[in-house]
Amino acid sequence: MPNHVLILAAGQGTRMRSSRPKVLHRIAGLPLIEHVLRTASTLSPASTAVVVGHLANQVREELAHHASLGFAHQTEQRGTGHALLQAEPLLGRQRGSLVVLSGDVPLIRPATLQRLIKTHERTNAAVTVLTATLVRPYGYGRIVRKDGRLSRIVEERDASEGQRQLKEINGGIYAFDLAPLFGALREIPATGAVNEIYLPGLVTIYRRRGLPVETVEVDNPDEVRGINSQTELAEVRRIVRQSKNEELMAAGVTIEDPATTYVDTDVTVGPDTVIHPGVILEGRTIIGSRCELHAGVRIVDSTVGDDVLVNNHCVIHRATIAHGARVGPFAHLRPDTQVGEAARVGNFVELKKTSLGDGSKANHLSYLGDATIGTGVNVGAGTITCNYDGDEKHRTTIGDRVFVGSGTELVAPVTVGDDAYVAAGSCITDDVPADALGVARGRQVNKEGWVTQRKQGHDTGPSDL
Ligand code: UD1
Ligand code: CA
């Protein structure tokens, strides 16, 4: 029998006190709902759909890259049962089982869902509820059992004092037999302190009808942690972070202080790379083998080759760093930057839309923007590409083996040919041909005895200062 998947994501998430839809809050670089969708996809379901409602357009936009994802719309947020009912146009004619997931329960593992489906199919249940036993069950719906079997689920806010003591909770994840589902959903009365149509109310209806109702308990209660508040979001983040770090360490990465190492889900790191405390690796970053990332480095959507040293406190965003290069401390690599093999980018150097060729060096205090720099180039301290004329950006092109003296301004568009020299302190406004020396600075004048004359009260003239 085919499995279908539906994810509930229409709720307001009031308790987050945020203008962003709850399921779009991010953990390890991905929206909550993306974590859930990825896990769902491991089931290879016949169809996957999401119920959207509150700020639906934002949620749909964020999920636009999922080609075959279906959407159901819940105009008014009248509870989880009502949300599921909105999927009837998509699923009403289907048969088989439907796995319902919550957009705010992101830690659920594929193996657990498989176990849920297996039990569900083996027992021919009308519904199988995923449960967990928590030390602190506060906030969750409680599993009420009669003669050991699930009899009903009671929400925290509607629970009696005695029911609140129950430690077994509803994980908010279910497998349903599609055949009786939508008919029965319509029978759930609006109940509870907030007059909503609770999906767990279906259990009561099925029990009354004598339909088989089953439960599967998770091994690790963390898997069903729901996110209703910023505090819970932070707690789940910590769990995700820890497991990503463990995955990297198992693959041979040295992490000096996992508690302060933040690595997004999609980041990869090669073996024997050493990550010092306070490193943040975001997005689709790829780090090679045997690299060293020193404290306070943040790398976003970038590719770093093997044997690269990134010294303390660098920010690297959408850049590529080739094998054997050294960057930092305090370097800023901005989007569309390429640092060549064994190249050096030193302290207080900013690169933007710039390629620095193999073996080239820009070691101190420079801004290189919109520049193509060849191989074996030495960019002296304090070099600035003047790439912006107030209206447009212009490119600077520097050939191979060029020596750019310290304190040079390169007023783009400008080209410096292969092997050329640029004298320190030059303001280069015209191209420098290959093999030439370009000098563009005022000549120095020394006035002998000037200091003594001034001390003796002679008029040395203000213009000489
Ligand atoms: C729900 C369960 C509770 C369970 C807990 C597990 C109900 C009534 N309660 O409580 O038994 O222990 O999850 O995490 O189901 N949603 C909609 N439309 C709505 C309301 C909610 O799509 O009208 C979506 C939300 O976006 C969310 C999910 O359903 O993804 C769960 O809703 P939420 O309000 O967080 O339910 P809980 O109070 O956590
Ligand atoms: Ca919830």
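Note that the structure is a prediction, hence the values are computed from the model and not measured.

Visitor: Go over the overall build of the protein chain with me, naming the residues and quoting the values.
Guide: A tally of regular secondary structure across the protein chain gives 10 helices and 39 strands. A globule of 465 residues ought to have a C-alpha radius of gyration of about 23 Å, yet the protein chain, at 32 Å, is considerably larger. With the C-alpha coordinates of the protein chain rotated into their principal frame, the extents come out at 110 × 45 × 40 Å. Expressed as a percentage of the 465 residues in the protein chain, the buried residues total 49%.

Visitor: I'd like a description of the nonpolar core, backed by residues and values.
Guide: Residues Leu281, Ile316, Ile321, Leu333 and Val345 are the most contacted members of the largest nonpolar core, which totals 47 residues. At the level of elements, β23 (319–321), β27 (344–352), β29 (361–369), β30 (371–373) and β36 (414–416) are the ones that each hand at least two residues to this core. Sort the elements by how many residues they give to this core and β27 lands first, with three residues. In contact with Leu333, not counting residues within four places along its chain, are Val315, Ile316, His317, Ala319, Ile321, Val327, Val339, Val345 and Leu351.

Visitor: Quick one: what's the story with the environment of Asp459, residue by residue and with numbers?
Guide: In this structure, Asp459 sits in the segment after α10 (450–455). Classification of Asp459 as exposed rests on a relative accessible area of 75%.

Visitor: Give me the domain arrangement of the protein chain: which residues, what numbers.
Guide: By the assigned domains, the protein chain splits into domain 1 (3–224) and domain 2 (353–450). Taking only C-alpha atoms, the centre of domain 1 and the centre of domain 2 are 62 Å apart.

Visitor: Lay out the packing of helix α7 (residues 178–185) against helix α8 (residues 201–209) in plain terms, naming residues and giving numbers.
Guide: Two elements in contact, α7 and α8, have axes whose closest approach is 11 Å; the angle formed by their N-to-C orientations is 110°. Judged by the angle between their axes, α7 and α8 are roughly perpendicular. The handedness of the crossing between α7 and α8 comes out as right-handed. On α8, the residues touching Pro180, Leu181, Ala184 and Leu185 of α7 are Leu202, Ile205, Tyr206 and Arg209. Among the residues making up the contact of α7 with α8, the classes are represented as seven nonpolar, no polar and one charged.

Visitor: Describe the sheet that holds strand β14 (residues 268–269), listing the residues and the values that go with them.
Guide: In space, the nine strands of this open sheet follow the order β14-β17-β20-β23-β26-β28-β30-β33-β36, with parallel pairing throughout. Both outer strands of the open sheet, β14 and β36, are each paired with one neighbouring strand and no more. Taken together, the three bridges between β30 and strand β33 (residues 396–398) define a ladder with parallel strand orientation. When the sheet's bridge partners are listed, Ile373 is paired in β33 with Ile398.

Visitor: Could you give me a rundown of the pattern of salt bridges, with the residues and numbers involved?
Guide: Enumeration according to the criterion identifies 21 salt bridges in this entry. Here Arg149 and Glu214 are joined by a salt bridge, their closest N and O atoms 2.9 Å apart. With Arg149 in strand β9 (residues 149–154) and Glu214 in strand β11 (residues 213–217), this pair connects stretches of sequence that are 65 residues apart. The exposure class of Arg149 is partly exposed, given its relative accessible area of 38%. Note on Glu214: relative accessible area 18%, which makes it buried. The residue Arg298 makes a salt bridge to Glu282 at a minimum N-O spacing of 2.7 Å. Of the two residues, Arg298 sits in strand β19 (residues 298–300) while Glu282 sits in strand β16 (residues 280–282), which places them 16 residues apart along the sequence. Connected through shared salt-bridge partners, Glu34, Arg38 and Asp266 make up one network.

Visitor: Give me a nonpolar patch on the surface: which residues, what numbers.
Guide: Taken together, the side chains of Phe403, Tyr421, Leu437 and Val439 define a hydrophobic patch exposed on the protein surface, amounting to about 400 Å² of accessible area. Considering the arrangement of structural elements, one finds Tyr421 in strand β37 (residues 421–422). Tyr421 gets classed as partly exposed once you look at its relative accessible area, which sits at 45%.

Visitor: How would you sum up the coordination of the calcium ion (ligand 2)? Please name residues and give values.
Guide: Coordination of the calcium ion (ligand 2) by the protein involves Asp104 (OD) and Asn228 (OD1), with metal-donor separations of 2.2 to 2.5 Å. Taken together, the positions of Asp104 in the loop between β6 (97–102) and α5 (110–123) and Asn228 in the loop between β11 and α9 (230–250) put the pair 124 residues apart, joining distant regions of the chain. A residue is classified by how much of its surface remains accessible, and Asn228, at 17% relative accessible area, is buried.

Visitor: Tell me about the site of ligand 1, and name the residues and values.
Guide: Close to ligand 1 lie 25 residues, the nearest being Leu8, Gln74, Thr80, Glu155 and Asn170. The side chain of Gln74 places a nitrogen or oxygen atom 2.7 Å from a nitrogen atom of ligand 1. Contacts to ligand 1 include Thr80, whose side-chain N or O atom sits 2.7 Å from an oxygen atom. Protein chains shield 92% of the accessible area of ligand 1, which is 750 Å² for the free molecule.

Visitor: Please provide a residue-by-residue account of the pairing of β29, values included.
Guide: Alignment of β27 against β29, held across seven bridges, turns out to be parallel. Along β29, the bridge assignment pairs Glu350 with Tyr367. The pairing of β29 with strand β31 (residues 378–379) spans two bridges and is classified as parallel. Looking at β31, one finds that Ala362 is bridged to Val379.

Visitor: Now, about unusual backbone geometry: what can you tell me, with residues and values included?
Guide: Note the cis peptide between Gly328 and Pro329, where omega equals 5°. Secondary-structure assignment places Pro329 in the loop between β24 (326–327) and β25 (332–333). The omega torsion of the bond from Ala412 to Pro413 falls at 0°, within 30 degrees of zero and hence cis. Take Pro413: it is sitting in the loop between β35 (409–411) and β36. The backbone of Asn124 shows a phi angle near 55°, a positive value even though the residue is not glycine. When you line up the elements, Asn124 lands in the loop between α5 and β7 (127–133). Given a relative accessible area of 63%, Asn124 falls into the exposed group. At Asp147, a residue that is not glycine, the phi angle is positive and equals roughly 55°. Within the fold, Asp147 resides in the loop between β8 (142–146) and β9. By relative accessible area, which is 81% here, Asp147 ends up exposed.

What counts and what doesn't
- Residues numbered from 1 in each chain as written.
- Chains lettered and ligands numbered in written order.
- Predicted model: local features only at pLDDT ≥ 70, side-chain atom pairs only at ≥ 80, totals over all residues.
- Heavy atoms only, no water.
- Helix = DSSP H or I, 4+ residues; strand = E, 2+ residues; numbered from the N terminus.
- Rg over C-alpha atoms; globule rule 2.2 N^0.38 Å.
- Buried < 20%, exposed > 50% of the residue type's maximum accessible area, 1.4 Å probe, protein only.
- Core = buried A, V, L, I, M, F, W, Y, C linked by side-chain atoms within 4.5 Å.
- Contact = heavy atoms within 4.5 Å.
- Domains from an automatic or database assignment.
- Axes fitted to C-alpha atoms, helices over the stretch in contact; angles between N-to-C directions.
- Parallel < 35°, antiparallel > 145°, perpendicular 65-115°, else oblique.
- Left-handed = near helix turned anticlockwise from the far one by under 90°.
- Nonpolar A, V, L, I, M, F, W, Y, C, P; charged D, E, K, R; others polar.
- Pairing = 2+ DSSP bridges.
- Salt bridge = Lys/Arg side-chain N within 4 Å of Asp/Glu carboxyl O.
- Patch = residues over 30% accessible without salt bridge, like charges linked within 9 Å, V, L, I, M, F, W, Y side chains within 5 Å.
- Areas by Shrake-Rupley, 256 points an atom, 1.4 Å probe, with all protein chains shown as cover.
- Donors = N, O, S within 2.8 Å, 3.2 Å for Na, K, Ca; no water.
- Near = heavy atom within 4 Å.
- Polar contact = N/O pair within 3.5 Å; in protein donor to acceptor, adjacent residues only side chain to side chain.

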